[in-house]
Amino acid sequence: MNSQIIFHPFVLPFVLGMAFVLTYCVVGLIRVIAQLPKDDRKKFWRSLVTPKTAWANIRDLFGDCLFHVKIWKRNPVLGYMHSAIAFGWFMIIVIGHIMLFTLKPLQGVEVEGMARTFTNFYYPIFYKFFATETPVFAFLMDFFLLMIISGILIAVVKKIHSKIVGVKRVTKFGFADNMIRFALWTIFPFRLIAEKTNIMAFWWLYSIDLLIFMCMLPFTRYMHIPTEALFILLRHAGIKPSDPRKGYALAQIYSCPSCGLCIDACPMSVNDKNSGNTSAYFMKKLRNGDKEEAQRIAETCMQCGKCVEVCPVSIESCDIKMSQRAAVPYEIHSDHSYLDVISTEAEKSSKVLYFAGCMTQLTPKIMRAMKKIMTAAGEEYQFLDENGGICCGRPMLLSGKTAEAQAMIEKNTELIKQSGTTKLVLSCPICYKVFKEEYHLEGIEIQHHTQYIDELVKSGKLKVNKNDVNYVYHDPCELGRAFGVYDEPREVLENVGNLCKAKSEKELSICCGGSLGSFNLTQKERDEITENSVNDLMFNNPDEIVTACPLCLKTFARKSPVKVKDIAEVVESQIIN
Amino acid sequence: MKENILIIGGGAAGMEAATQLQKMGLTPIIVEKSEQLGGHVAQWDRLFPAFHPAKDVVEKMLNQVKDVKTYLNTEVTDIQRDDNGFHATLSNNEKIDAKAVILATGFDIFKAERKQEYGYGIYNNVMTSVELEKFFRTGHDARINNPKKIGFVHCVGARDVKVCNTYCSKVCCTTALKQACEIKEVFPDAEVYTFYMDLRMFGPGYEDLYLKTQKDFDVKCVRGRVCEVSEDMDGKLVIKAEDTLFGKPLKMTLDVLVLMCAMEKNKSIDAIQQKLGVANNTDGFMQNQDMYLGMNTTAQDGVFVAGACTAPKSLPDTIGEARSVATQVFNYINNK
């Protein structure tokens, strides 16, 4: 339209904002990489050229950053809302640039050299002011612009009444986050009006809106837009956060979009007062440098991992909370001298080695059931801790005391290796997690008893009856979400009775409330979580609740209207001799 | 003045309240869900601190209420109130009109299975204090077979956040020592241990019982909780505990382990209690108006409480409350 013009002052706010945000991102990128521990940095570079991780990078960069697959899966309305805005915006930028290179020279105005580079910077953003496009491009541009606006409309509805889009609780924002959101919402309507009417005031408003958006971006949740890509690369490099504020964690902090999907998911949110202890707020506190609050939330968290499961960006908030805990020296004075005198009666043989663990020692029914099952299946086994054993180390790890945990881990490793076993069976998912992640037991298969029993039943070694009882299965956090052991226990239960469904299952299962993870939840708060979880399990009126964790068992037993059993007890009662 | 007073529960509190009300010229009616009057006391052999036979007390109480109208094997299934008072429907479909209601529903025994780590219902030789009392009464229990080592665990289901009971059950400390002495009487050669958090010897003669337990009966009182129980190859119990006075963990093999189960609120009355509009307190027992001057009254006019339905209580406490509730009801009827 204004075909002879190649510059207008209203592009300056945009250019300024863009320059700022690009500079900030480059500096931030260097900072994150520089803060990585040396080994992690090496891992990172290597992962970029390793075909397997490189492919995962490409897959997730497209899947997560561009198409938002995870939000779609979780909530299609939110998926559309986010895609409409983010993907729509991405597309008009891309199409703008395609036009730039295919339609040159722009309406007969020849611009070369530095000037050309400069105009390229803003032409695609304000192209309608400077050029006329072909009908196909015009249609595409209008289409995506309207798509963005439709997304914004949903966002406005969500802001007014989030329940319409299936979200009970939303993140509460401060001034900056609210302001940038308002800027984002108005950018595109201003652009549409400017393009259709060519009124100068709207071109100015559009550009100033962009300036506001980009200048505030680094200090608000919208920083997730540029950061997520880097986070995906770092995540695939297999790095764990070593400091709650630096390096990898920093990339995660800025990648958190504060969308608040974790707020509804968090078991603690059953009490509104506690919804402020969810991961979205934890990440905010870290970003704002509020160490005290971040520490408090890190200590309150039960480490059930549900927020990580529902997170559309896969922020590893549990790991970051653990590194936050490790950053504080708790006054724990532990004396591990007793470890020297501990030995096991297990003799050297390749028999199955059973380790009950502390929690199973407190629920002797499980131990008794396991003994019966192994005997009935004709398995030769040895009991590692029948007369007392050593803790697996998880409680110490949860308090960030890695060295103390290591002492126990080493002693247990020694005892297990001494036995010469090739298969270690555990009854407690808490132990299972630590054995899988922290122990180096090469050549020894580690199984939880759900997997072991499933194997015994499938191989025909263990014969069981099927009865008429309706069971509902509760997925313990450390077995389900942590290791994806969802099918084995269900298959076992289908062999001994009828399996009915809970309202929230598998990766969405609700923590029992007894978790070792939290330091400061009160018993009353825990009870509320337990009641909520029990109600969820009772959704289809089962006769019995079955779980596979001694701690879940003890926790549910206090609040459940029906019998609560461990899967081993259920199987034990159905053995055919 | 021959107004009906409905008393729900025919234990110590219900019987004593009925006795007093009758003497005051009112007409008490007892509704008892079990087949006999006497409640938990009737199941007991001897009472602390002086080993007084429970039968003695129960028989005297029964004698006093022999003229009171009593329904056995009967529960209140519905209750309504209007300007004329309360109208209760019983499980035998009879209807009772009354001017006031006394809830004397007492307590239930904590279900020891809920503390799975103590092995009740899993290992043969773990029993409850109630079962041991029955042994004293009948002289028979398959689990008690000339035991050489016996342990008592205090506070099972009481002062324990993990089972949602934070309150003290009041009578178990003294009962444990009484039973420790009694088992020693039956098996003088046996070693007897009690595992306590602290011993709450609150009444007259109770502290003397504690001294006697140690001096005359040589019972060993260990300060520390038992943490877990398991069974060895011979079916003997292996317990792990901590002696907090020595600061040392200990492990011990026992023939019999007795769990001193706490009192819990009797939940079988919940539906009627709700209809009457009486709330529960934070311990899950019934809420009275206050613990000083309003211990027998509730937020509802004409609904009274007595005995262990409001908190764990000893027998003397309960009898005292039963007498006090009778006075309260008498004044309530007269001032109407």
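Residues numbered from 1 in each chain as written. Chains lettered and ligands numbered in written order. Predicted model: local features only at pLDDT ≥ 70, side-chain atom pairs only at ≥ 80, totals over all residues. Heavy atoms only, no water.

1. Here's the deal with the overall build of chain A
Helix and strand counts for chain A stand at 27 helices and eight strands. Across its three principal directions, the C-alpha atoms of chain A cover 90 × 50 × 45 Å. Out of the 577 residues belonging to chain A, those deemed buried represent 57%. By sequence separation, contacts in chain A at least 24 residues apart represent 75% of the contacts at least 6 residues apart. When the accessible surface of chain A is totalled, it reaches about 24,900 Å², and 61% of it is carbon and sulfur. Taking the 66 positively charged and 59 negatively charged side chains of chain A as two groups, their mean positions are separated by 4 Å. (Helix = DSSP H or I, 4+ residues; strand = E, 2+ residues; numbered from the N terminus. Buried < 20%, exposed > 50% of the residue type's maximum accessible area, 1.4 Å probe, protein only. Contact = heavy atoms within 4.5 Å. Areas by Shrake-Rupley, 256 points an atom, 1.4 Å probe, with all protein chains shown as cover. Lys, Arg positive; Asp, Glu negative; His and termini not counted. Charge placed at Lys NZ, Arg CZ, Asp CG, Glu CD.)

2. So, the sheet that holds strand β7 (residues 85-90) of chain B
The pairing of strands in a sheet happens through backbone hydrogen bonds and is either parallel or antiparallel. Residue and element names in this part refer to chain B. Strand order in the open sheet formed by three strands is β6-β7-β8, and the pairing between neighbours is antiparallel. Of all strands in the sheet, those with a lone pairing partner are β6 (76-82) and β8 (95-98), marking the two edges. Across the sheet, the mean angle separating the axes of adjacent strands is 20 degrees when strand polarity is ignored. Where β6 lies against β7, six bridges are found, and the strand directions are antiparallel. Directly across from Asp78, in β7, lies its bridge partner Thr89. (Pairing = 2+ DSSP bridges. Axes fitted to C-alpha atoms, helices over the stretch in contact; angles between N-to-C directions.)

3. What to know about the sheet that holds strand β16 (residues 237-243) of chain B
All names here are of chain B. Spatially, three strands are ordered β15-β16-β17 in an open sheet, and the strand pairing comes out antiparallel. Edge positions in the sheet fall to β15 (226-231) and β17 (248-254), since each of these pairs with one other strand and no more. Taken pair by pair, the neighbouring strands of this sheet meet at an average axis angle of 20 degrees, ignoring direction. Sheet analysis places β15 next to β16, joined by five bridges and oriented antiparallel. Its bridge partner lying in β16, Glu228 is registered against Lys240.

4. Points about the environment of Ser162(A)
All names here are of chain A. Within the fold, Ser162 resides in the loop between α7 (135-160) and α8 (175-197). Contact partners of Ser162, with chain neighbours within four places excluded, come to Val157, Val167, Lys168 and Val170. Within the structure, Ser162 has its side chain in polar contact with the backbone oxygen of Val167 (distance 2.7 Å). (Polar contact = N/O pair within 3.5 Å; in protein donor to acceptor, adjacent residues only side chain to side chain.)

5. Examining helix α24 (residues 487-496) of chain A
Residues and elements named next belong to chain A. Burial in α24 covers these residues: Pro489, Arg490, Val492, Leu493 and Val496. Around the axis of α24, the buried residues are gathered within 160 degrees of arc, so they sit on the same side. Of the surrounding secondary structure, the elements contacted by the buried residues of α24 are α22 (449-458), β5 (470-473), β6 (498-500), β7 (544-547) and α27 (567-573). (Arc of directions from axis to C-beta.)

6. Structural notes on the packing of helix α3 (residues 129-138) of chain B against helix α4 (residues 172-186) of chain B
When two helices pack together, their arrangement is given by the angle between their axes and by how far apart the axes lie. Residues and elements named next belong to chain B. Across the interface, α3 lies against α4 with an axial gap of 11 Å and an inter-helix angle of 40 degrees. The orientation of α3 relative to α4 falls into the category oblique. Like other packed secondary-structure pairs, α3 and α4 cross with a definite hand, here left-handed. Contacts between α3 and α4 involve Ser129, Leu132, Glu133, Phe135 and Phe136 from the first element and Lys178, Gln179, Glu182, Ile183 and Val186 from the second. Residues that form the contact of α3 with α4 fall into these classes: five nonpolar, two polar and three charged. (Parallel < 35°, antiparallel > 145°, perpendicular 65-115°, else oblique. Left-handed = near helix turned anticlockwise from the far one by under 90°. Nonpolar A, V, L, I, M, F, W, Y, C, P; charged D, E, K, R; others polar.)

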